[in-house]
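Listed below, chain by chain, are the residues.
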Amino acid sequence: MAIDKVAYWIDIANEDLEVAEDLFKAKRWLYVAFMCHQVIEKTLKAYWNAVREDEPPYVHNHRRLAEGSGLYDKMSDLQRRFLGQISNMNIEARYPEYKTGIARSLNEEKSREIIDETKQMQLWIIREFSPETKPSASSETTSE
């Protein structure tokens, strides 16, 4: 596990989550969703670095990152649905019509839901690779 790279991706994902919360307070729904997209992308790249020796690809495709790291198969249907939903929030280089369409689908309630689901997904991903959350063989007990 490349701990420094994992920490790097988690740190910037956490910063992006803070920005999403600030944008929520400013009622900038489109950018809340985009920052949540960034949180999941960067957390997936942290997971990639935790479980693989190579670098994650320079892509913004959440599913590709999850599949390439072996995480996609561990996801529930609900998590996969959210992954697809948040992947569509990548507005970085999109045409104005695309941004407008996404913006129309967002409001305060939907944006709060996206932030909350992002937090849940991020925590789940981190728990999947974090040694602190994995039971060790020495901590397992047997009953006789």
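These notes cover the structure that comes with them. (Residues numbered from 1 in each chain as written. Predicted model: local features only at pLDDT ≥ 70, side-chain atom pairs only at ≥ 80, totals over all residues. Heavy atoms only, no water.)

**Some remarks on the overall build of the protein chain**
As a reminder, the rule being used: Think of it this way: any DSSP run of H or I at least four residues long counts as a helix, any run of E at least two long counts as a strand, and we number them from the N terminus. Think of it in three bands: residues with accessible area under 20% of the maximum for their type are buried, residues over 50% are exposed, and the middle band is partly exposed, with areas taken using a 1.4 Å probe on protein chains only. Whether two residues touch is decided by their heavy atoms; if any such pair falls within 4.5 Å, the residues are in contact.
Counting its secondary structure elements, the protein chain contains six helices and zero strands. Of the regular secondary structure in the protein chain, the N- to C-terminal order runs α-α-α-α-α-α. Counting only residues that meet the buried cut, the protein chain has 43% of its 144 residues in that class. Residue pairs in contact within the protein chain that sit at least 24 positions apart in sequence constitute 64% of those at least 6 positions apart.

**Overview of the packing of aromatic side chains**
Using the following cut-off: Only rings of Phe, Tyr and Trp enter the pairing, Trp through its six-membered ring, and a pair is recorded when the two centres are within 6.5 Å. The plane angle decides the type: under 30 degrees is stacked, over 60 is edge-to-face, the rest tilted. Two conditions define a charge located above a ring, namely a distance within 6 Å from the ring centre to NZ of Lys or CZ of Arg, and an angle within 35 degrees of the ring normal.
Applying the stated criterion across every chain yields a total of three aromatic pairs. Between the aromatic rings of Tyr8 and Trp9, the centroid separation amounts to 5.1 Å while the plane-to-plane angle is 70 degrees, which identifies the pairing as edge-to-face. For Trp9, a relative accessible area of 17% corresponds to the buried category. When the ring of Phe24 is compared with that of Trp29, the centres are 5.3 Å apart and the planes differ by 55 degrees; the resulting orientation is tilted. The burial state of Phe24 is the same as that of Trp29; both residues are buried. The ring of Tyr72 carries the charged tip of Arg80 above its face, separated from the ring centre by 4.5 Å. Here Arg112 stacks its cationic end above the ring of Phe24, 4.8 Å away from the centre of that ring.

**Thoughts on the nonpolar core**
Convention followed: Residues grouped as a nonpolar core are buried Ala, Val, Leu, Ile, Met, Phe, Trp, Tyr and Cys residues, joined through side-chain atoms within 4.5 Å.
Core analysis: the largest hydrophobic core is formed by 39 residues, its most contacted members being Leu44, Leu71, Met75, Leu83, Met121, Ile125 and Phe129. Mapped by element, the contributors of at least two residues to this core are helix H1 (3-25), helix H2 (29-51), helix H3 (62-68), helix H4 (77-87) and helix H6 (108-129). The element contributing the most residues to this core is H2, with 13 residues.

**Examining the packing of H2 against H4**
Heads up, the rule is: Geometry is summarised by axes, namely lines fitted to C-alpha atoms with helices restricted to the contacting stretch, and by angles between N-to-C directions that run from 0 to 180 degrees. What sets the label is the angle itself: under 35 degrees gives roughly parallel, over 145 gives roughly antiparallel, 65 to 115 gives roughly perpendicular, and the rest give oblique. Each crossing gets its hand from how the near helix is turned against the far one by less than a right angle, where anticlockwise is left-handed and clockwise is right-handed. The residue classification treats Ala, Val, Leu, Ile, Met, Phe, Trp, Tyr, Cys and Pro as nonpolar and Asp, Glu, Lys and Arg as charged. All others, Gly included, are polar.
Between H2 and H4, whose axes approach to 9 Å, the crossing angle comes to 120 degrees. When the axes of H2 and H4 are compared, the pair comes out oblique. With respect to the hand of their crossing, H2 and H4 are arranged in left-handed fashion. Across from Ala33, Cys36, His37, Ile40 and Leu44 in H2, the residues of H4 making contact are Phe82, Leu83, Ile86 and Ser87. Its residues assigned to classes, the contact of H2 with H4 shows seven nonpolar, two polar and no charged.

**A look at the pattern of salt bridges**
Applied cut-off: Throughout this description, the term salt bridge denotes a Lys or Arg side-chain nitrogen within 4 Å of a carboxyl oxygen of Asp or Glu.
Applying the stated rule across the entire model yields 10 salt bridges. When the shortest N-O distance is used, the salt bridge between Glu128 and Lys74 registers 3.7 Å. Remark: Lys74 occurs in the loop between H3 and H4 and Glu128 occurs in helix H6; sequence separation between them is 54 residues. Close ionic contact of Asp116 with Arg112 constitutes a salt bridge, the shortest N to O distance being 3.4 Å. Placement of the pair is Asp116 and Arg112 together in helix H6, with a separation of four residues, close to one helical turn. Residues joined in a network through salt bridges with shared partners are Glu21, Arg112, Asp116 and Lys119.

**Some details on unusual backbone geometry**
Positive phi outside glycine occurs at Lys27, with the angle close to 60 degrees. Counting through the fold element by element, Lys27 comes out in the loop between H1 and H2.

**Digging into the packing of H4 against H6**
When two helices pack together, their arrangement is given by the angle between the helix axes and by the axis-to-axis distance. Following both chains from N to C, one finds H4 and H6 inclined at 120 degrees, their axes separated by 11 Å at the closest point. Put simply, H4 runs oblique to H6. The handedness of the crossing between H4 and H6 comes out as left-handed. Side by side, H4 and H6 meet where Gln79, Phe82, Leu83, Gln85 and Ile86 of the first sit next to Lys110, Ile114, Glu117, Thr118, Met121 and Trp124 of the second. Looking at side-chain class alone, the contact of H4 with H6 contains six nonpolar, three polar and two charged residues.

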